[in-house]
Amino acid sequence: MTIDNSFMIKKLKQFDEIYVLYSSFTHLPFIECDDETMDDQIYCFTTKEMTNTFAHPYILEKILLQAVQVPQKMMDQFFKSLYLYGVNAVMIQDEGAPVRVQLSQIEEKPDLEALKNSKIPQANPELQLTAIYFMQDLMRPVKRDTEEKRHLHDLEADMAHYLLNSRFIITADVSKLDGRITKENVDKAGVPLVKTKNGHVYQPVYTDFAELQRFNHNHQGLKLQMLPVTYDRLEGFLTSQAEGFVFNPAGFNLILNRDQLKNMQKNYGETEA
């Protein structure tokens, strides 16, 4: 039976603001797969108090969450962006019971295949979604039993499938180069680097153009060149100054050092029968 959510959808557009449950681990909306419908859904509320109340039992399980305000003027952009993360449903809590609304009823779904296959990748929702699920679980500060370790391994395997079969965006400031960035001149290019609190240095790489913009929006005056690179070619563009790559540093923030880059292919790469 089809549920008529037209009243809630109309009401949603009239809220002055909403509060969205965000993961403190990924800096993105907290996504959960519904056990019954299998929807990959996020949670929205009309007050911060309701958001915090809903988040409390998760926080007790070391799933660190926070309420993020989305003003009305940003709502259209926010809901459109959810397609980039593989979200297909929104749970909205106002008065009464929560209401599940399909994302396509709120914002029209873009042609994700065209975005994925553009010269510079504009979307990679499958990798985003599986990496978000993996990082949401991996970053929990808990001691895992055998079943939980198996679950985490399954999440990693799901992510690895899309990781190994994706194109990524490498960037470099090529103002000092004559021509395009290559494997041979990557060390001469001004490759952006990320330094962790522990002093480790990693080279950022992005699943799509939106992630590149999120991380580089404050970097003015750089002549950044973008280069699409498949996973198997990534290591060739890794500057000698970096210990590895950080995937989507302003998002799910997956760090793989040089050994882990190779092990991911070794452990999860498809082999011919």
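Preceding this paragraph is the structure being described.
Residues numbered from 1 in each chain as written. Predicted model: local features only at pLDDT ≥ 70, side-chain atom pairs only at ≥ 80, totals over all residues. Heavy atoms only, no water.

**Q** Before we go on, may I ask you to explain the overall build of the protein in this structure?
**A** Of regular secondary structure, the protein possesses 10 helices and 12 strands. On C-alpha atoms alone, the protein measures out to a radius of gyration of 20 Å, which is about the 19 Å that the 2.2 N^0.38 rule sets for 273 residues. For the C-alpha atoms alone, the extent of the protein along its principal axes is close to 60 × 45 × 40 Å. Residue burial in the protein is summarised as follows: out of 273 residues, 46% are buried. (Helix = DSSP H or I, 4+ residues; strand = E, 2+ residues; numbered from the N terminus. Rg over C-alpha atoms; globule rule 2.2 N^0.38 Å. Buried < 20%, exposed > 50% of the residue type's maximum accessible area, 1.4 Å probe, protein only.)

**Q** Would you mind going over the side chain of Thr-130 with me for this structure?
**A** With respect to the element layout, Thr-130 can be found in helix H6 (residues 125–138). Leaving out residues up to four positions away in the same chain, Thr-130 has contacts with Leu-155, Asp-158, Met-159 and Tyr-162. (Contact = heavy atoms within 4.5 Å.)

**Q** What is the right way to read the environment of Ser-24 from this model?
**A** Looking at where Ser-24 falls in the secondary structure, it is placed in the loop between strand E1 (17–23) and strand E2 (32–33). Sequence separation between Ser-24 and Ile-63 is 39 residues; the distance between their C-alpha atoms is 8.4 Å. Residue contacts for Ser-24: discarding those within four places in its chain leaves Leu-64, Leu-65 and Gln-66.

**Q** Looking at this model, I keep getting lost on the pattern of salt bridges. Mind explaining?
**A** Opposite charge on two side chains allows them to pair when their charged atoms are near. Counting across every chain of the model gives nine salt bridges. Between Arg-100 and Asp-39 there is a salt bridge, with the nearest N and O atoms lying 3.6 Å from each other. Remark: Asp-39 occurs in the loop between E2 and strand E3 (40–45) and Arg-100 occurs in strand E6 (residues 99–102); sequence separation between them is 61 residues. You can call Arg-100 partly exposed: its relative accessible area is 26%. Linking Arg-144 and Asp-137 is a salt bridge whose minimum nitrogen-to-oxygen distance equals 3.5 Å. The exposure class of Arg-144 is buried, given its relative accessible area of 16%. For Asp-137, a relative accessible area of 10% corresponds to the buried category. Each of Asp-34, Asp-39 and Arg-100 takes part in salt bridges that share partners, so that together they form one network. (Salt bridge = Lys/Arg side-chain N within 4 Å of Asp/Glu carboxyl O.)

**Q** Would you mind showing me how to read the packing of aromatic side chains here?
**A** For any pair of aromatic rings, the description rests on two quantities: the centre-to-centre distance and the angle between the ring planes. This structure, assessed with the given rule, holds nine aromatic pairs. Here Phe-45 and Phe-54 contribute two aromatic rings whose centre-to-centre distance is 5.3 Å and whose plane-to-plane angle is 50 degrees, an arrangement assigned as tilted. Among the aromatic residues, those joined into a ring-pair cluster are Phe-30, Tyr-43, Phe-45, Phe-54 and Tyr-58. (Phe/Tyr/Trp six-rings, centres within 6.5 Å; stacked < 30°, edge-to-face > 60°.)

**Q** Where do I start with the packing of helix H7 (residues 146–164) against helix H10 (residues 258–268) in this structure?
**A** Between two packed helices, the angle of one axis relative to the other and the distance separating the axes together describe the packing. Packing of H7 against H10 brings their axes to within 10 Å, and their N-to-C directions diverge by 100 degrees. By the angle between their axes, H7 is roughly perpendicular relative to H10. Residues His-153, Glu-156, Ala-157, Met-159, Ala-160, Leu-163 and Leu-164 of H7 lie in contact with H10, whose contacting residues are Met-264, Gln-265 and Tyr-268. Split by residue class, the contact of H7 with H10 holds seven nonpolar, two polar and one charged. (Axes fitted to C-alpha atoms, helices over the stretch in contact; angles between N-to-C directions. Parallel < 35°, antiparallel > 145°, perpendicular 65-115°, else oblique. Nonpolar A, V, L, I, M, F, W, Y, C, P; charged D, E, K, R; others polar.)

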